[in-house]
Structures are given as C-alpha cells and as structure tokens.
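# Results of the structural survey
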Number of protein chains: 2
Amino acid sequence: MAQPLALGIDIGGTKTAWGLVTATGDIVMKGSMATTGHDNPAAYMAAMADCILPHLQQYGIENIVGAGVGAPNGNFFTGEIVFAPNMPWHGVIPIARMAAEALGIKAQLTNDANAAAIGEMMYGAARGMKDFIVVTLGTGVGSGFVANGQLIYGHDGFAGELGHVISVRDGRLCGCGRNGCLETYASATGIAHTAEMWLTERTDDTILRPHKGAITAKMIHEAAEAGDAMANELFEYTGKILGYTVADAVAITSPEAIIFFGGLARAGDRILEPVKRHMEANLLNIYQNKVKILQSALPDADAAILGASALAW
Amino acid sequence: MAQPLALGIDIGGTKTAWGLVTATGDIVMKGSMATTGHDNPAAYMAAMADCILPHLQQYGIENIVGAGVGAPNGNFFTGEIVFAPNMPWHGVIPIARMAAEALGIKAQLTNDANAAAIGEMMYGAARGMKDFIVVTLGTGVGSGFVANGQLIYGHDGFAGELGHVISVRDGRLCGCGRNGCLETYASATGIAHTAEMWLTERTDDTILRPHKGAITAKMIHEAAEAGDAMANELFEYTGKILGYTVADAVAITSPEAIIFFGGLARAGDRILEPVKRHMEANLLNIYQNKVKILQSALPDADAAILGASALAW
C-alpha cells in the first residue's frame with residue numbers, strides 16, 4: 001500500500017495553494033490557483049475541486065487521510081471563515097464543510113497563522129518546543145500561540161490575534177476600525193506606510209524617494225542593504241514597536257522562542273535585530289536573555305501548506 | 001479509612017495561611033502564622049512545620065496526599081521562589097523541597113495567582129471552563145492564564161505576569177524597575193497611589209482629602225459608595241487602564257471569562273463595570289460581547305488555600 005498523505009490547502013487573499021504531504025513533511029505534489037475571480041464561494045470551491053481531485057485520484061483517495069485548510073480568520077471550532085477583511089467574500093463561509101463535500105475527504109480549518117505555528121512545530125524551527133509564538137509579518141500581522149505543546153484556540157477558536165493588540169494608543173487607523181493595532185506598524189504594509197509618511201513629512205536624501213507612492217517592504221530592505229539611512233531608521237522604528245509589543249506577549253505566555261515568518265521577516269536581521277533589542281529592553285527581569293528570536297526556516301511557499309496539512313493527521 | 005486530604009499553603013508577604021482540604025473543596029482545618037520575623041527561610045520553615053505537623057498527625061499522615069504551595073514568584077518547574085520583591089528574603093529559595101523535607105510529604109509550588117486560577121477552576125467561578133484568566137488585584141497585580149484546560153506555565157514556569165504588561169508607555173515607575181506596568185495603576189496600591197497624586201495636584205472637594213497620605217483602596221470604595229465624585233473618577237480611571245489592558249490579553253488567549261480576585265476586586269461593580277466597558281470599547285469585533293467579567297466567588301481567605309491544595313491532587 002502507498003504511504004498515507006495529507007492535503008494541505010492555504011487560502012490567501014489572492015492565491016490559493018495546496019500540496020500533498022507525507023507524515024514526515026515531504027511535499028510530493030503541489031499546485032495553486034487564484035482565490036479571486038470566482039462569483040461566489042461555491043464556484044471557488046468547485047474550481048478548486050477540479051484542480052485537486054485528479055491528484056487525489058492519482059495518489060489514491062484511500063491513501064489521503066484528510067485535508068487541513070489554513071485561511072485568514074479561519075475558525076478551528078466551527079470550520080468557518082468569519083469576516084475576513086482581505087478575502088473576496090465577506091460574512092461567514094463554512095469552508096471546512098464545503099471542502100469536505102467537494103473533495104470527498106474529511107477537512108479541518110484553522111487560521112493561516114495557526115497553520116504556520118503547527119507547521120513550525122512539526123517540521124520547522126519549533127520542533128521539540130512546547131511553548132512558542134509564531135508571528136506572520138505579511139499584509140497584516142497574524143500569530144499562533146503554542147503553550148504546553150498545544151495551540152491556544154481560546155474558548156471560541158479566535159485566539160492569537162497579536163496583530164490587533166494596541167501597540168500605540170490612539171495610533172494609526174486599522175482596517176478593523178480601531179486605532180494603533182500592531183499590524184498597522186509592523187506588517188509589510190505597515191513599514192511601507194511609515195516610509196510613505198516619512199517621505200511626505202521629511203526632506204532627507206534617500207534612495208527610496210523616487211519610489212514614493214509605491215514603496216514596498218522589499219524596497220526598504222534593499223535600500224537598507226545599500227546603506228540608506230532612512231531605510232535603516234524604518235527598520236529601527238518598526239522593530240521598536242514590534243519589540244515592545246512582543247515583550248508584553250512574553251509576560252503572558254513566557255515562550256521559549258518567537259518565530260517570525262512572512263514578507264517583512266524575509267529582511268532577516270534587519271528587522272529581527274531591533275526587535276530583539278527592544279524586546280529585551282522592555283522585558284521584566286525574569287524573562288531577559290531567554291527568549292529566542294528566530295526567522296522561520298521553512299520556505300514561505302511551503303510552510304502554510306505544511307502547517308495546514310498537519311491539521312489532517 | 002479516613003478520606004484523603006491535601007494540604008494547601010498560601011505564602012503571602014506578611015501572612016502564611018494553610019488548610020487541609022478534601023477532594024471536593026471542603027476545608028476541614030485551617031491556620032496561619034506570620035511570614036515575617038524569622039531569621040532565614042529555614043527558621044521560617046521550621047516554625048511552619050511546628051504549627052502544621054500536629055494537624056497532619058491528627059488527620060493521619062497516611063491520608064495526606066501531599067502539599068501544594070502558592071507564593072509570589074513561585075516557579076512550578078523548579079519549586080523555587082525567585083526574586084520575589086514583597087517577600088522578607090531575596091534570591092532563590094527552594095521552597096518546595098524545604099516544605100517536603102520539613103513536613104515529610106511531597107510538595108508542589110506555583111505562584112499565588114496560578115494557585116488562585118486552579119482554585120477557581122476546581123471550586124470557583126471557572127468550574128467547567130477550559131479557557132479563562134484569573135487576575136488578582138492586591139498589593140500588585142498577578143494573573144493565571146488557563147488555555148485548553150491547562151495552566152500556561154510557559155517554557156520556564158514564569159508565564160502569566162499580566163501585572164507587568166506595560167499599560168502606559170513611559171508611565172509610573174514600577175517596583176520591577178520599569179515604567180508603566182499595569183500593577184502601578186490597577187492594583188489596590190495603584191488606585192491609592194492615583195488618589196494621593198490627585199489629592200496633591202487637584203483641589204476638588206472630596207471626603208478622601210482628610211485621609212491624604214494614608215489612602216487605601218477600601219477607603220476609595222467606601223467614598224464611592226457614599227457618592228464622592230473623585231472616588232468614582234478614580235474607579236473610572238483605573239478601570240479604563242485595566243479594561244484596555246485586558247482587551248489586549250483577550251486578543252492573545254480569547255478567554256471565556258476574566259475572573260477578578262483580591263483587595264481591589266472587593267469593590268465589585270465599582271471597578272468591574274468600568275473594566276468591562278473599557279474592555280469592550282477596545283476589543284476587536286470578533287471578541288465583543290463574549291467575554292464574561294466576573295468577581296471571584298471564593299472567600300478571599302480560602303481561595304488561595306484551595307488553589308494551592310489543588311496542586312497536590
């Protein structure tokens with residue numbers, strides 16, 4: 001008999017990616033399609049089934065243990081995506097049930113950052129750890145908290161929204177309607193936003209200036225690598241806010257490590273060095289010099305698939 | 001054979017209390033002694049053994065399943081009290097081992113707020129809950145976080161220091177050496193501190209004024225009950241800081257309830273109503289109108305003993 005495989009599906013705002021994964025974390029097949037451009041969730045799911053079903057048949061449906069799905073605002077308990085601001089459809093979408101029906105296998109849902117945390121615990125930087133945090137720095141900021149070896153889902157399945165901790169009282173307006181959320185400063189979008197503001201308010205010489213209006217986190221990283229002063233200051237500013245915010249989270253769950261993942265984390269030590277420095281400066285003494293600040297070692301494109309697939313075992 | 005009993009010991013900065021507790025939470029015997037006035041931890045422990053051993057013999061040492069000890073900065077993993085600022089002895093004290101040797105029974109240590117959380121889960125307002133937070137509002141602010149039905153100890157046993165989350169950036173100096181910690185504002189000591197500052201800075205008419213220099217949380221509660229405007233404003237101000245800080249904690253663990261305990265919590269709705277209002281005003285929409293704000297239903301004097309005893313089962 002062929003080896004058992006789990007299907008991992010990562011639903012993002014623009015792209016949906018999937019893969020068939022062995023119990024040891026090898027991806028034997030992967031694919032992707034656009035999340036957008038479908039009339040409704042049912043049409044989207046039908047298109048996904050058209051893409052995936054031939055592969056399930058190829059590997060033998062009897063060998064597929066089930067599907068794990070990661071999606072923004074995905075709820076583990078209800079299997080529903082609830083009010084996800086960056087998804088093409090709003091309201092409540094029973095995605096786990098729809099996937100199970102469309103694919104003919106059982107399916108579990110969780111949010112994308114929780115899936116990344118499971119992926120890190122099973123296959124990545126958190127192997128062997130029982131207490132850690134994964135923080136995703138992408139369009140927004142997501143997080144998955146693991147304590148006692150278990151993901152913290154909370155009583156309703158919605159735990160782990162570090163991106164919506166208020167880092168700056170009365171700060172920037174967030175997509176959630178409140179002010180000063182961490183993700184308005186410390187996401188890939190947030191650091192670009194800071195850059196645009198500074199380019200408007202300030203007159204320093206910077207190689208970012210010609211790109212005003214279209215700054216990305218990647219551009220800021222490249223400018224910093226080239227020695228640009230404003231770019232370095234952007235990482236310092238962003239790392240300070242992220243660092244003191246994770247210091248508060250450490251006081252709650254006392255993790256062995258915080259693992260950063262996603263677009264802005266690809267800047268590596270440019271962002272992680274100021275994060276670590278400002279975290280340490282804001283930690284209660286009993287936590288100092290204990291918490292590892294790590295960059296995810298999983299390939300970005302694979303981690304979400306691996307994490308989602310791990311739900312199915 | 002007589003029923004099995006667990007010994008619960010609550011070590012406070014001034015008083016040490018203990019009790020023998022049945023599996024269903026009945027305290028069959030209790031006692032107390034001063035924590036202070038002993039030359040060193042060994043002398044303190046010898047005095048405690050002198051008080052407790054006759055009772056263990058009375059109920060039959062073979063019926064005692066063990067001792068649970070709750071103490072400030074008590075570490076579950078190491079059994080040590082570590083750098084507790086409000087204790088008569090500093091440094092690292094291996095209290096679990098000392099208690100086990102002095103009493104001749106096995107002993108487990110945890111911090112006082114974690115003990116309260118276990119007490120609430122087994123015998124109090126959190127019965128049947130798997131995800132909740134207990135916050136103690138005493139001389140300082142302590143907390144115990146429960147997720148998936150388990151206390152969050154963190155990788156090193158020091159999780160759950162909500163009192164040292166920074167509520168006000170560059171705010172009041174804390175005993176820990178940092179600035180703006182929640183406990184500098186929202187403890188029994190913190191609200192009294194705010195009152196003293198206002199009495200110095202302001203000239204309003206208030207029945208608190210004659211007590212300037214010796215204000216307590218209890219006095220502020222009584223003044224508020226008597227309709228005093230400044231006393232009410234003190235609860236509003238303190239409740240706002242506590243409310244928005246617990247809103248951030250909700251975004252991390254998404255608890256079913258937050259249970260308040262200790263001196264300032266005895267003010268009941270005077271403090272809990274503004275806490276709930278400001279928490280709701282600062283919650284991300286997915287958490288709104290879900291999190292219960294409760295006052296502990298356990299008698300203050302008993303809860304710590306019950307919680308500590310629960311460690312022994």
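Just so we're clear, the structure is a prediction, and the values are computed from it rather than from any experiment.

Attention now moves to the overall build of chain A. Within chain A, the regular secondary structure consists of nine helices and twelve strands. Taking 313 residues into account, the globule formula puts the C-alpha radius of gyration at 20 Å, and chain A, at 20 Å, falls close to it. Taking the principal axes of its C-alpha atoms as reference, chain A extends roughly 60 × 45 × 35 Å. By residue count, 55% of the 313 residues in chain A fall in the buried class.

Of the transformation superimposing chain B on chain A, the axial component is 0.0 Å and the angular component is 180°, with the fit at an RMSD of 0.0 Å. A rotation of that kind, with that shift, is consistent with a two-fold axis. In this assembly, 100% of the residues forming the interface of chain B have copies in chain A that are likewise at the interface, indicating an isologous arrangement.

Moving on: the packing of helix α6 (residues 217-225) of chain B against helix α7 (residues 229-253) of chain B. All names here are of chain B. One way to put it is that α6 packs onto α7 with a least axis distance of 7 Å and a crossing angle of 120°. Judged by the inter-axis angle, α6 sits oblique to α7. When the axes of α6 and α7 are compared, the crossing they make is left-handed. Taking contact as the criterion, the partners of I220, A223 and A224 in α6 are, on α7, A231, N232, L234 and F235. Split into classes, the residues belonging to the contact of α6 with α7 amount to six nonpolar, one polar and no charged.

With that settled, consider the sheet that holds strand β4 (residues 64-71) of chain B. All names here are of chain B. Within the open sheet, the five strands sit side by side as β3-β2-β1-β4-β7. Their pairing is mixed. Two strands in the sheet have a free side with no partner beyond their single neighbour: β3 (27-34) and β7 (107-111). Strand-to-strand twist in this sheet, taken as the mean axis angle between neighbours without regard to direction, amounts to 15°. Strand contacts of helix α1 (residues 41-59): β1 (5-11), β2 (15-21), β3 and β4, with the helix running at about 165° to β3, the strand carrying the most contacts.

With 36 residues of chain B at the interface, the matching set in chain A holds 36 residues. Classifying every residue of the side of chain B that touches chain A by side-chain character gives 19 nonpolar, ten polar and seven charged.

We now examine the packing of α7(B) against helix α8 (residues 269-281) of chain B. All names here are of chain B. Packing of α7 against α8 brings their axes to within 7 Å, and their N-to-C directions diverge by 45°. Taken together, the axes of α7 and α8 lie oblique to each other. When you trace α7 past α8, the crossing you get is right-handed. Of α8, the residues touching α7 (which contributes F235, E236, T238, G239, K240, L242, G243, Y244, V246 and A247) are R270, I271, P274, V275, K276, R277, H278 and M279. In the contact of α7 with α8, the residues fall into nine nonpolar, four polar and five charged.

All names here are of chain B. The topology assignment puts D170 in the loop between β10 (150-151) and α4 (183-186). Its 7 C-beta neighbours within 10 Å are what place D170 among the exposed residues. As a C-alpha pair, D170 and H211 span 41 residues in sequence and 29 Å in three-dimensional space. Among all residues touching D170, those that are not within four sequence positions of it are N179 and G180.

Attention now goes to the nonpolar core. Ranked by internal contacts, the top residues of the largest apolar core, which has 216 residues, are A:V69, A:I220, B:V69 and B:I220. If we ignore the near neighbours within four places in the chain, the residues touching B:V69 are B:I9, B:I11, B:G74, B:I95, B:A96, B:A99, B:A107, B:Q108, B:L109 and B:A308.

Attention now moves to the sheet that holds strand β7 (residues 107-111) of chain A. All names here are of chain A. Read across the sheet, five strands follow the order β3-β2-β1-β4-β7 without closing on themselves; strand pairing throughout is mixed. Of all the strands in the sheet, just β3 (27-34) and β7 have a single pairing partner and so form its edges. Between one strand axis and the next, the sheet turns through 15° on average, direction left out of account. Pairing of strand β2 (residues 15-21) with β3 involves seven bridges; the strand directions are antiparallel. Along β3, the bridge assignment pairs V21 with I27. Sheet strands touched by helix α3 (residues 112-123): β1 (5-11), β4 (64-71) and β7. Its angle to β7, the strand with the most contacts, is close to 105°.

On to the domain arrangement of chain A. Residues and elements named next belong to chain A. Taken domain by domain, chain A consists of domain 1 (5-118 + 302-310) and domain 2 (128-297). Between the C-alpha centres of domain 1 and domain 2 there is a distance of 27 Å. Of the residues belonging to the side of domain 1 that touches domain 2, the class tally is eight nonpolar, six polar and one charged.

Turning our attention to the confidence of the model for chain A. In the predicted model, chain A carries a mean pLDDT of 94, and the fraction of residues at 70 or more is 99%. With pTM at 0.93, the complex prediction returns an ipTM value of 0.93.

Quick look at helix α2 (residues 95-103) of chain A now. An α-helical turn contains 3.6 residues, so a residue and the one three or four places further along point in the same direction. All names here are of chain A. Listed in full, the buried residues belonging to α2 are I95, A96, M98, A99, A102 and L103. With its buried residues spanning 165° around the axis, α2 presents them on a single face. Lining the buried residues of α2 we find α1 (41-59), β4, β5 (81-82), β6 (92-93) and β7. Count one or two residues on from α2 and you reach G104, which has phi positive near 75°.

We now examine unusual backbone geometry. All names here are of chain A. For N289, which is not a glycine, the phi torsion comes out positive at approximately 55°. Counting through the fold element by element, N289 comes out in the loop between α8 (269-281) and β12 (292-295). Assessed through the 7 C-beta atoms surrounding it within 10 Å, N289 is described here as exposed.

Looking now at the pairing of strand β9 (residues 141-147) of chain A. Put simply, side chains in a regular strand alternate between the two faces of the sheet. All names here are of chain A. Where burial is concerned, most of β9 is hidden: seven out of the seven residues are buried. Side chains V141, S143, F145 and A147 project from β9 onto one buried face, and the interleaved G142, G144 and V146 project onto a second face that is buried too. Here strand β8 (residues 132-137) runs beside β9; their pairing, made up of six bridges, is antiparallel. Residue pairing in the sheet places T136 in a bridge with G142 of β9. Between β8 and β9, which pair antiparallel and follow one another directly, the connecting turn spans three residues.

What follows deals with the pairing of strand β11 (residues 257-261) of chain B. Residue and element names in this part refer to chain B. Of all five residues making up β11, four are buried, and the element is well covered by its neighbours. Sheet topology note: the strand β8 (residues 132-137)/β11 ladder contains five bridges and is parallel. Each residue of the ladder has a partner; that of F132, found in β11, is A257. Pairing analysis gives four bridges linking β11 to strand β12 (residues 292-295), with the strands arranged parallel. Its bridge partner being in β12, I259 is matched across the sheet by L294.

The rules behind these values
Residues numbered from 1 in each chain as written. Chains lettered and ligands numbered in written order. Predicted model: local features only at pLDDT ≥ 70, side-chain atom pairs only at ≥ 80, totals over all residues. Helix = DSSP H or I, 4+ residues; strand = E, 2+ residues; numbered from the N terminus. Rg over C-alpha atoms; globule rule 2.2 N^0.38 Å. Buried ≥ 20, exposed ≤ 12 C-beta atoms within 10 Å, placed from the backbone. Least-squares fit on C-alpha atoms with pLDDT ≥ 70 in both. Contact = placed C-beta atoms within 7 Å. Axes fitted to C-alpha atoms, helices over the stretch in contact; angles between N-to-C directions. Parallel < 35°, antiparallel > 145°, perpendicular 65-115°, else oblique. Left-handed = near helix turned anticlockwise from the far one by under 90°. Nonpolar A, V, L, I, M, F, W, Y, C, P; charged D, E, K, R; others polar. Pairing = 2+ DSSP bridges. Core = buried A, V, L, I, M, F, W, Y, C linked by C-beta atoms within 7 Å. Domains from an automatic or database assignment. pLDDT = per-residue confidence, 0-100. Arc of directions from axis to C-beta.

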